[in-house]
Amino acid sequence: MRTILRNATLAAAILGSAGSASADSIPGMRGHDHTGITVPDMKQAVDFFTEVVGCKKAMSFGPFADDKGTFMQDLLGVDPKAVIEQVTMVRCGYGSNIELFKYTAPDQKDLKPKNSDIGGFHIAFYVDDVAAAKAYLDAKGVKTRMGPLPVKEGPAAGQTILYFQAPWGLQLEAISYPDGMAYEKGADTVLWSPKNPEK
C-alpha cells in the first residue's frame, strides 16, 4: 500500500507540474466544450451515461455520409466511406458536454486503449464522496478498480480517486477534493472544477 501511495504521489507531482510554461492561445478560446467518443452501441452508451452516471441527453442527430466524394475524409480525417449513423450529446452536471458517435467505416478498428497507451484517455467526474460513488457503482454492476485512493502528498494532495469502466471498456474516474488540493496554495493558475464552476 505504501508503494501505491508513493506512486500515486509521484504521478500527481508529475501531472501537477505539467503545463506551467506560458503559451499563446487560439483566438477567442473560452474553454473545453465537449469530448467526443466513438461507441459500439449508441443505446448502451446513452443508457450508461444517463441511467448510471447521471448525465442528461440534450440532442441526437445524423446520419452523415458521402457516397460519392471525400467529404468525410476532408472534414473528419476518416475513411471517405465512413458513416456517422448517429451523434448524441449529453450534459453531465456542471461539467462540459460529451458527444457520443456511432460510426461504421471500412477500416474501423475496435480499440480499447489502456490509460498507459498512447492515445489512451479517460473522463473524470467530480463527485462529493468517492466512497459513496464506489458503493453506487458496485451496486449497479459497474467494474471498479482499487480505491477510493486518497492522495496525501505532493501537489494533488487532498484529492481522492477511483477508476471505473463503461460496459464497452471506456475508462472513467470519480474524483473529489472537497477542501481543494495542495498545489492551490500560491498557484498562479487554479484548475477549473465543477464544484465551483464560476471560478
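Residues numbered from 1 in each chain as written. Predicted model: local features only at pLDDT ≥ 70, side-chain atom pairs only at ≥ 80, totals over all residues. Heavy atoms only, no water.

**What to know about the confidence of the model for the chain**
Per-chain confidence: the chain averages 89 in pLDDT, with 89% of residues scoring 70 or above. Low pLDDT (under 50) marks residues 1-20, which in the prediction has 13 contacts with non-local residues, meaning those over four places away or in another chain. (pLDDT = per-residue confidence, 0-100. Contact = heavy atoms within 4.5 Å.)

**Topic: the state of the cysteines**
For the structure shown, the criterion picks out one disulfide. Paired by a disulfide, Cys 55 and Cys 92 hold their sulfur atoms 2.1 Å apart. Handedness here is read from the sign of the S-S torsion; for Cys 55 and Cys 92, about 100°, the answer is right-handed. Pair noted here: Cys 55 is in the loop between helix H2 (42-53) and strand S2 (56-61) and Cys 92 is in the loop between strand S3 (83-91) and strand S4 (97-104), with a separation of 37 residues, a long-range link. An identical accessibility class is assigned to Cys 55 and Cys 92; each is buried. (Disulfide = S-S within 2.5 Å. Helix = DSSP H or I, 4+ residues; strand = E, 2+ residues; numbered from the N terminus. Buried < 20%, exposed > 50% of the residue type's maximum accessible area, 1.4 Å probe, protein only.)

**Some words on unusual backbone geometry**
The bulk of non-glycine residues show a negative phi, and the bulk of peptide bonds are trans. The residue after Gly 62, namely Pro 63, is reached through a cis peptide bond having omega 10°. Mapped onto the elements, Pro 63 comes out in the loop between S2 and helix H3 (71-76).

**Remarks on the sheet that holds S4**
Taken in spatial order, the four strands line up as S1-S4-S3-S2 in an open sheet, and their pairing is mixed. Here the strands that pair on one side only, and so sit at the sheet edges, are strand S1 (34-38) and S2. Neighbour-to-neighbour, the strand axes of the sheet open up by a mean angle of 20°, direction not taken into account. Here S2 pairs with S3 via five bridges, running antiparallel. The residue of S3 that forms the bridge with Lys 57 is Val 90. Running at roughly 165° to S4, H2 makes contact with S2, S3 and S4 of the sheet. (Pairing = 2+ DSSP bridges. Axes fitted to C-alpha atoms, helices over the stretch in contact; angles between N-to-C directions.)

**Observations regarding the packing of aromatic side chains**
Per the counting criterion, the structure on display carries six aromatic pairs. Summarising the aromatic geometry, the rings of Phe 48 and Phe 49 are spaced 5.7 Å apart at their centres and angled 80° between planes, so their arrangement reads as edge-to-face. Comparing Phe 48 with Phe 49, the two get one shared label, buried. An aromatic cluster of three or more residues is present, and its members are Phe 48, Phe 49 and Trp 168. (Phe/Tyr/Trp six-rings, centres within 6.5 Å; stacked < 30°, edge-to-face > 60°.)

**Remarks on the nonpolar core**
Formed by 26 residues in total, the largest nonpolar core has its most connected members in Phe 48, Phe 49, Ile 98, Leu 100 and Phe 125. Mapped by element, the contributors of at least two residues to this core are H2, S4, strand S5 (123-126), helix H4 (130-139), strand S8 (160-165) and strand S9 (171-176). The dominant element in this core, judged by the number of residues it contributes, is H2, at six residues. Residue contacts for Phe 125: discarding those within four places in its chain leaves Phe 49, Val 53, Cys 55, Cys 92, Ile 98, Phe 164, Leu 172, Glu 173, Ala 174 and Ile 175. (Core = buried A, V, L, I, M, F, W, Y, C linked by side-chain atoms within 4.5 Å.)

**Let's talk about H4**
Listed as buried for H4 are Val 130, Ala 133, Lys 134 and Leu 137. All buried residues of H4 fall inside an arc of 100° around its axis, so they share one side. In this structure, the buried side of H4 is in contact with H2, strand S6 (143-144), S8 and S9. The opening residue of H4 is Asp 129, an N-cap whose side-chain oxygen sits 2.9 Å from the backbone nitrogen of Ala 131. Positive backbone phi, approximately 80°, marks Gly 141, located one or two places after H4. (Arc of directions from axis to C-beta. Polar contact = N/O pair within 3.5 Å; in protein donor to acceptor, adjacent residues only side chain to side chain.)

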